[in-house]
Amino acid sequence: MDTTNSPLERVLEIPEIIERISAYQDRRTFASATRVSKSWYRAYLPILWHTIDNGKHWNDPGFLKAIVQHGDLIRVLVCARYDEIDILIPPPKGADALEQSVSLCRFLTTVVMPKTASRNQKQQAQFIRQNPGLRDLSLTFNDQLSSTFTELVDAIGDLKHLRRLSFDGNRSLEATTLETILQRCSSVSPDGNGSLQELSLSRTSFLRHPFGRGEDFASGVVATRGEDAHWTDTQNSHDTTIPTKEPFAITTLRMDKVGCVQDLLLNLCSRFPSLSKLSLSEADELYYSDGFPKRLAQRCPNIKWLDVSHTEDMDDESMAELISSFPGLQTFIAEETRFGTESLNALVEHCRDLAVLDITNAYEMDSAAMQRLLNSSWSLRSLNAWGVAYNVIEMMQEAHREQKRQGGSSTLTDGQPWVCTGLERLILNVIYSPPDDSRVGNVYPPSRARRFLYDQLGRLTKLRYLALETSLEDYEDTSDCDGYEDDEDYYGQKKEVRDHAVEDEDVDSNEVWVDYSFKSGLRRLGSLKELQQLSLHDVSHNITLAEIRWMAETWPHLRKIEYLTSAITDQDAQTILEYAAENYPWIQFVEDD
Amino acid sequence: MPVTLTSLDDVKFTVDKEVAERSILIKNMIEDVGESDSPIPLPNVSSAVLKKVIEYCEHHRNDPVQVQDETDDPRKRSNDIEEWDMKFMTVDQEMLFEIILAANYLDIKPLLDVGCKTVANIIKGKTPEEIRKVFNIVNDFTPEEEAQIKKENEWAEDR
């Protein structure tokens, strides 16, 4: 039977389709596939050899033999062992010393090189020269000073397509070496090679490191301090004008988990005026002084993406100063930091283009400030503010104040509404906590606060992911988490809800809280037509079959609900899951991520 | 607003514009041609396959349009297939691969993904002989050739 033109054979001839199929398979399947027939072999061989990143394979003689034949199919190579370079490109021997060895791989796009030392740097240089298509290169410089690696640096400088260069965890990179490489790969001049845009120096401890403080690297302004100052001393750090040097085209700088003084960072950045993305996540040994933000902004005014997560050294005030120095900020990641009210106010005041904000587990914050953020950030697309509970009463008060400021009447409505209607992702904790002054509690009873929240949420018509935890605190009529168990009628009624008309919203009740039940006002969220995922993590909810049915019918893109069953009794959970599986099989119910 | 599609074997299918535009190829064609009643020719797709493709697009007409995320790591994609899609893909193999080819040609990424996942799931964990059996493939290797390839790729069988 001639199968040469069968649909299967035609599929095998389209690499893009085979790649897509292989994305769902493992390496063992690739190996099996290559043995099926000749056309399968041709289709799957490049897939099998595309990424080599398992150090174990180098121990296998079969692998070492096979790589000689198929090394040219490798695109992504991650080396771990020291002597892999000998395998990939044989060292010159004796009389052949001047003749160039041939590398087994010549079409790599990404490589993580083994450790560079003076004994192998020539080979590494040859290896790189024979892979001119390299885009992403990671080097380990640990023992010898980088200035001894002249051939290697020369080879890197000749790469025309290098986009990303990493010296993560290095111990011996010198400023002169970096200068040489960047001059050749990251030039801003039109006839220069400006392909290199991303530089990574993560996990490097620059304290007592041959790089020094980068004073010779700096351009235009140099950050220095007194000679006798201790290496962590930032007090005397100041800027001095110096001649300008050629800037570089670097737009992304990663300095995660680094240990260095701010002077180094400032001097490094003075050569990267186009810098738009800076990551200092977990950089716990980065010593700042006042004025650091302004000095950084002077050098890199175009930073739009900033990650300072998991750092404790910057207090709220300093972070606020940092934020106000970069009004073009679009993404700010400050998870697990001392981000607080001042920083939030700074974002509201200065960063009109803010699109992504992550302040998970930041310090306590003024709820009115959060309301101000939601009231003014038109560009906000993603907000993760988990970990701090915002008081809805204070938010409502702020909403009314804002409305008054804008000249509106504040008697009947809920005040100035949230303007962040482009929000796609919202993760927030809200509490209802009345102050001691009972008049405030009377003006803003739980029923009103509940309507406020549902109404504001209802405005977020682009929302795709929602995780809102709300709790009622210190309110005398409050029901606890399993409150519905006490209310026999409501509980009894739930079982029959599948067949009867569902409850209407109880607009005036102060006992019902934001629990995603109809009674609380779930229908006000009918406008969230783009909602794909609802997370009930830590939320005490009153979702029954009726609510699930409504959600499935009202939110056509709903695909996942997380933590639904953790707040209801086993029997109910079973009933709901069975019903949902039968009627709405496209909705996943996930209990833990 | 209806749109007419003509298959390889000259069969005409009339569908809503919204349904037809699940195919990016067709969407672009409509945009280029502008308002027109003339049918869109699809010479690469037979009527039997086109019928299936249209069925898929009708069912998924309200799905959010998948935005190609640059940071989408294929290794993190889920292998799960919705129940309707699974039933939809229960066809003979020739049709399965024809649907994949059509989805590729018409640029309907969700359908292409479902097809590829289906094939991936069929092949997963099978020996070469089992794969041949499932797809009725003739083994055109000599026993020596096959043994050599097996030896050559043994390192990969480990993981």
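Residues numbered from 1 in each chain as written. Chains lettered and ligands numbered in written order. Predicted model: local features only at pLDDT ≥ 70, side-chain atom pairs only at ≥ 80, totals over all residues. Heavy atoms only, no water.

J.: Can you tell me about the packing of aromatic side chains, naming the residues and giving the values?
T.: All names here are of chain A. Counting across every chain of the model gives 26 aromatic pairs over all chains. Ring centres of Phe332 and Phe339 lie 6.0 Å apart, and the angle between their planes is 45°; on these two criteria the pair is classed as tilted. Each member of the pair, Phe332 as well as Phe339, carries the same accessibility label: buried. In this structure, Arg271 is placed above the aromatic ring of Phe217, and the distance from its NZ or CZ to the ring centre is 5.2 Å. Above the ring of Phe518, the side-chain terminus of Arg523 is found at 4.3 Å from the ring centroid. (Phe/Tyr/Trp six-rings, centres within 6.5 Å; stacked < 30°, edge-to-face > 60°. Buried < 20%, exposed > 50% of the residue type's maximum accessible area, 1.4 Å probe, protein only. Lys NZ or Arg CZ within 6 Å of the ring centre and 35° of its normal.)

J.: So what about the pairing of strand β1 (residues 2-6) of chain B? Which residues, and what values?
T.: All names here are of chain B. Here β1 lies mainly inside the structure; four of its five residues are buried. Judged from the five bridges that link them, β1 and strand β2 (residues 12-16) form a sheet pairing that is antiparallel. Each residue of the ladder has a partner; that of Leu5, found in β2, is Phe13. Where β1 folds back onto β2 in an antiparallel hairpin, the turn is made up of five residues, including Asp10, whose phi is positive at roughly 65°. The sheet contact formed by β1 and strand β3 (residues 40-41) spans two bridges and is parallel. Note on β3: the bridge partner recorded for Leu5 is Ile40. (Helix = DSSP H or I, 4+ residues; strand = E, 2+ residues; numbered from the N terminus. Pairing = 2+ DSSP bridges.)

J.: An account of a negative patch on the surface is requested, with residue identities and associated values reported.
T.: Residues and elements named next belong to chain A. A contiguous patch of negative charge, built from Asp284, Glu285, Glu312, Asp313 and Glu336, is present on the exposed surface. With respect to the helices and strands, Glu312 occurs in the loop between β13 (305-307) and α12 (316-324). Judged by its relative accessible area of 42%, Glu312 is partly exposed. (Patch = residues over 30% accessible without salt bridge, like charges linked within 9 Å, V, L, I, M, F, W, Y side chains within 5 Å. Areas by Shrake-Rupley, 256 points an atom, 1.4 Å probe, with all protein chains shown as cover. Salt bridge = Lys/Arg side-chain N within 4 Å of Asp/Glu carboxyl O. Lys, Arg positive; Asp, Glu negative; His and termini not counted. Charge placed at Lys NZ, Arg CZ, Asp CG, Glu CD.)

J.: I'd like a rundown of the packing of helix α3 (residues 27-34) of chain A against helix α4 (residues 38-49) of chain A, residues and numbers included.
T.: Residue and element names in this part refer to chain A. Contact geometry of α3 with α4 gives a least axis separation of 8 Å together with a crossing angle of 150°. Overall, the two elements α3 and α4 adopt an arrangement that is roughly antiparallel. As for the relative orientation of α3 and α4, their crossing is left-handed in sense. Here Arg27, Phe30, Ala31, Ala33 and Thr34 of α3 lie close against α4, whose contacting residues are Trp40, Tyr41, Tyr44, Leu45, Ile47 and Leu48. (Axes fitted to C-alpha atoms, helices over the stretch in contact; angles between N-to-C directions. Parallel < 35°, antiparallel > 145°, perpendicular 65-115°, else oblique. Left-handed = near helix turned anticlockwise from the far one by under 90°. Contact = heavy atoms within 4.5 Å.)

J.: I'd love a proper account of the UniProt feature "domain: SKP1 component POZ" (unreviewed entry) in chain B, names of residues and values included.
T.: In this numbering, the UniProt entry assigns the feature "domain: SKP1 component POZ" (unreviewed entry) to residues 3-62 of chain B. Within residues 3-62 of chain B, the helical portion is 45% and the strand portion 18%, while the C-alpha atoms at the span's ends are 17 Å from each other. (UniProt positions renumbered as here; feature names shortened; annotations may be inferred.)

J.: Outline the packing of helix α7 (residues 121-129) of chain A against helix α8 (residues 150-157) of chain A, listing residues and values.
T.: All names here are of chain A. Running from amino to carboxyl end, α7 crosses α8 at an angle of 15°, the nearest separation of the two axes being 7 Å. Regarding the angle of α7 to α8, the classification is roughly parallel. Taken as a pair, α7 and α8 cross one another with a handedness that is left-handed. Each of Gln121, Lys122, Gln124, Ala125, Ile128 and Arg129 in α7 lies in contact with α8, whose residues at this interface are Thr150, Glu151, Leu152, Asp154, Ala155 and Ile156.

J.: Mind laying out the state of the cysteines, listing which residues take part and the relevant values?
T.: All names here are of chain A. Scanning all chains against the criterion turns up zero disulfides over all chains. Of all cysteine sulfurs in the structure, the one in Cys79 sits closest to Cys105, which takes part in no disulfide; the separation is 8.1 Å. This cysteine, Cys260, is not joined by any disulfide, and Cys269 carries the nearest cysteine sulfur, 9.5 Å off. (Disulfide = S-S within 2.5 Å.)

J.: Before we move on, could you go through the interface of chain B and chain A and cite the residues and values that matter?
T.: Frequently, the measure chosen for interface size is the accessible area that the parts lose on association. Facing the 49 residues of chain B at the interface are 44 residues of chain A. Between the two partners, chain B and chain A, sit four salt bridges. The salt bridge involving Arg35 of chain A is made with Glu157 of chain B; its shortest N-O contact spans 3.6 Å. Our count for the chain B to chain A interface comes out at 10 residue pairs in polar contact (both at pLDDT 80 or more). (Polar contact = N/O pair within 3.5 Å; in protein donor to acceptor, adjacent residues only side chain to side chain.)

J.: Account for unusual backbone geometry, naming residues and giving values.
T.: All names here are of chain A. Its identity is not glycine, yet Glu282 carries a phi of approximately 60°, on the positive side. Along the chain, the position of Glu282 falls in the loop between β11 (277-279) and β12 (285-287). Taking relative accessible area as the criterion, Glu282 reaches 37% and is therefore assigned partly exposed. One non-glycine residue with positive phi stands out, namely Glu336, at about 55°.

J.: Summarise the sheet that holds β1 of chain B; cite the residues concerned and give the values.
T.: Residues and elements named next belong to chain B. The strand order across the open sheet built from three strands is β2-β1-β3, with neighbouring strands paired in mixed fashion. Edge positions in the sheet fall to β2 and β3, since each of these pairs with one other strand and no more. Seen against the sheet, helix α3 (residues 47-59) touches β1 and β2 and runs at an angle of roughly 10° to β2.

J.: Tell me about the nonpolar core, and please be specific about residues and values.
T.: Among soluble globular proteins, nonpolar side chains are generally buried collectively. The biggest cluster of nonpolar side chains holds 213 residues, and the ones touching the most others in it are Trp40, Leu77, Leu137, Phe332, Phe339 and Met370 of chain A. When residues in this core are grouped by element, the largest group, nine residues, is from helix α5 (residues 93-106) of chain B. Both domains that furnish three or more residues to this core are identified here as domain 1 (197-303) and domain 2 (366-593) of chain A. Residues in contact with Phe339 of chain A, not counting those within four places in the same chain, are Asp316, Met319, Ile323, Phe332, Ala334, Leu344, Leu347, Ile359, Ala362, Tyr363 and Met365 of chain A. (Core = buried A, V, L, I, M, F, W, Y, C linked by side-chain atoms within 4.5 Å. Domains from an automatic or database assignment.)

J.: Before we move on, can you summarise the pattern of salt bridges with the specific residues and values?
T.: The final tally for this structure, using the stated rule, is 36 salt bridges over all chains. Between Arg20 of chain A and Asp113 of chain B there is a salt bridge, with the nearest N and O atoms lying 2.7 Å from each other. Here Arg20 of chain A is found in helix α2 (residues 15-22), whereas its partner Asp113 of chain B is found in helix α6 (residues 109-123) on a different chain. With a relative accessible area of 17%, Arg20 of chain A lands in the buried category. Through salt bridges with shared partners, a single network forms among Arg35 of chain A together with Glu129, Arg132, Glu146 and Glu157 of chain B.

J.: Tell me about α8 of chain A, residues and numbers included.
T.: The complete set of buried residues in α8 of chain A reads Leu152, Val153, Ala155, Ile156 and Gly157 of chain A. If you follow the buried residues of α8 of chain A, they end up packed against α7, β4 (136-138) and α9 (175-185) of chain A.

J.: Outline the environment of Thr470 of chain A, supporting the account with residue identities and numerical values.
T.: Residues and elements named next belong to chain A. Mapped onto the elements, Thr470 comes out in strand β18 (residues 465-472). Separated by 170 residues in sequence, Thr470 and Cys300 have C-alpha atoms that sit 40 Å apart. Once residues lying within four places of it in the same chain are set aside, the contact partners of Thr470 are Val430, Leu453, Trp513 and Val514. At 3.4 Å, the side chain of Thr470 and the side chain of Trp513 are in polar contact.

J.: If you had to explain the confidence of the model for chain A to someone new, which residues and values would you point to?
T.: Considering every residue of chain A, the mean pLDDT works out to 86; 88% of them sit at 70 or more. Every residue in residues 477-501 of chain A scores below 50 in pLDDT, and together they form 29 contacts with partners more than four places removed in sequence or on other chains. (pLDDT = per-residue confidence, 0-100.)

J.: Any chance you could break down helix α19 (residues 545-554) of chain A for me, citing the residues and the numbers?
T.: An α-helix turns once every 3.6 residues. As a result, residues three or four positions apart point the same way. Burial analysis of α19 of chain A places eight of its 10 residues in the buried class, the great majority of the element. Among the residues of α19 of chain A, those classed as buried are Leu545, Ala546, Glu547, Ile548, Trp550, Met551, Ala552 and Thr554 of chain A.

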